[in-house]
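# Tertiary structure, described
Each chain, letter by letter, is given below.
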Amino acid sequence: MAGAARRPRTRTGPRLAPGRPLRFGTALGPLLLLAVWSAGSAAGLIEPRLLSAPWTVVTTAGDLVADGRLQGHLASSTQRVVLGLVFGTLAGLVLAVASGLSRIGEALIDGPVQIKRALPSLALVPLLVLWFGIGESMKVITVALAVFVPVYIHTHNGLRTIDSRYVELSETVRLKRRQFIRHVVLPGALPGFLLGMRFAVTSAWLTLVVVEQVNATSGLGYMMELARTYGQTEVIIVGLVVYGLLGLLSDGLVRYAERRVLSWRRTLAG
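Computed from a prediction, not measured in an experiment: that's the story for all the values here.

### Description of the overall build of the protein
- Within the protein, the secondary structure is distributed over 10 helices and zero strands.
- Start at the N end of the protein and walk to the C end: the helices and strands fall as α-α-α-α-α-α-α-α-α-α.
- By residue count, 35% of the 270 residues in the protein fall in the buried class.
- In the structure as shown, the protein presents an accessible area of about 17,500 Å², 64% of it carried by carbon and sulfur atoms.

Put into structure tokens, the structure is as follows:
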């Protein structure tokens, strides 16, 4: 009707919530960064010797893929990260359960883990080299040490923040210890464990990029270190982009698993 006041548009969800998730919203930031990088390179504002243009990096990546070098280095890096994640996650999970469900376990385990938490994993590399040499064992162990701390910390916190009423209810219905762990402890600690895994996968790639530059003969870090020696900035950028994509993909997989497993939770994330 002409002249009638327009009704305000209704929005779904609470008024104070962040709103509906943007489709492909996580890609907006990287795309903006890529646009600024491209514009600066095209205008000559960025020195190619210091930061190669995006199209040069793409061409270099194509050449590395064509001769198989990128795939070989990527396979070596992925293998080290996967092994480090497996061993580090298992160690963090077992220690967190032992410490979170027992005061004796906490007294024996939590202190040393907190000390390790204060020590950067990379600061232990010289000692690990003396103990395990410069082979694959040292690299995998270094990644595992970087992984198990966030898994332990967040899983332990998840265990200790389980509502005590669930414990009382479990005792009331006379659950056995194994049933209590399966039906109460593990589901209660799952959000903390998955949060720890998000930090763990990031720590794994951050640690690997440095470890592979120490007496390595393969891997993305080795490829970047070799490129630094010959002043190949574009190869270094390719390595950094691949590392960033791998970290983003790993975090995305954990977040996807988190949404699937914890679909019963109602949060601001939607």
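### Overview of the side chain of Ser99
- Position of Ser99 relative to the elements: it lies in helix 3 (residues 69–100).
- Among the polar contacts listed, one links the side chain of Ser99 to the side chain of His156, at a separation of 3.4 Å.

### A few points about the pattern of salt bridges
- Overall, the coordinates contain six salt bridges when judged by the stated rule.
- Between Arg80 and Glu136 there is a salt bridge, with the nearest N and O atoms lying 2.8 Å from each other. Here Glu136 lies in helix 6 (residues 136–160) and Arg80 lies in helix 3, a separation of 56 residues in the sequence.
- On the basis of relative accessible area, Glu136 is assigned to the partly exposed category, the value being 42%.
- Across the salt bridge formed by Glu106 and Arg103, the nearest N and O atoms sit 3.1 Å from each other. On the criterion of helical spacing, the pair formed by Glu106 and Arg103 is a turn pair, its members being three residues apart in helix 4 (residues 103–118).
- When its relative accessible area of 63% is taken as the criterion, Arg103 is described as exposed.
- Salt bridges sharing common partners tie together Arg80, Glu136 and Glu212.

### Observations concerning the confidence of the model for the protein
- When pLDDT is averaged across the protein, the result is 82; 88% of the residues are at 70 or more.
- Mean pLDDT values for the elements of the protein range from 74 in helix 7 (residues 164–172) up to 91 in helix 3.

### Some thoughts on the packing of aromatic side chains
- Going through the model one piece at a time under the given rule, you end up with two aromatic pairs.
- Summarising the aromatic geometry, the rings of Trp131 and Phe132 are spaced 6.4 Å apart at their centres and angled 80° between planes, so their arrangement reads as edge-to-face.
- Relative accessible area serves as the criterion here: at 59%, Trp131 is assigned to the exposed category.
- Seen in terms of ring centroids, Trp205 and Tyr243 are 6.2 Å apart; in terms of plane orientation they differ by 70°. Their pairing is edge-to-face. Taken together, the positions of Trp205 in helix 8 (residues 177–211) and Tyr243 in helix 10 (residues 233–261) put the pair 38 residues apart, joining distant regions of the chain. Note on accessibility: Trp205 and Tyr243 belong to one class, buried.

Conventions and cut-offs
- Residues numbered from 1 in each chain as written.
- Predicted model: local features only at pLDDT ≥ 70, side-chain atom pairs only at ≥ 80, totals over all residues.
- Heavy atoms only, no water.
- Helix = DSSP H or I, 4+ residues; strand = E, 2+ residues; numbered from the N terminus.
- Buried < 20%, exposed > 50% of the residue type's maximum accessible area, 1.4 Å probe, protein only.
- Areas by Shrake-Rupley, 256 points an atom, 1.4 Å probe, with all protein chains shown as cover.
- Polar contact = N/O pair within 3.5 Å; in protein donor to acceptor, adjacent residues only side chain to side chain.
- Salt bridge = Lys/Arg side-chain N within 4 Å of Asp/Glu carboxyl O.
- pLDDT = per-residue confidence, 0-100.
- Phe/Tyr/Trp six-rings, centres within 6.5 Å; stacked < 30°, edge-to-face > 60°.

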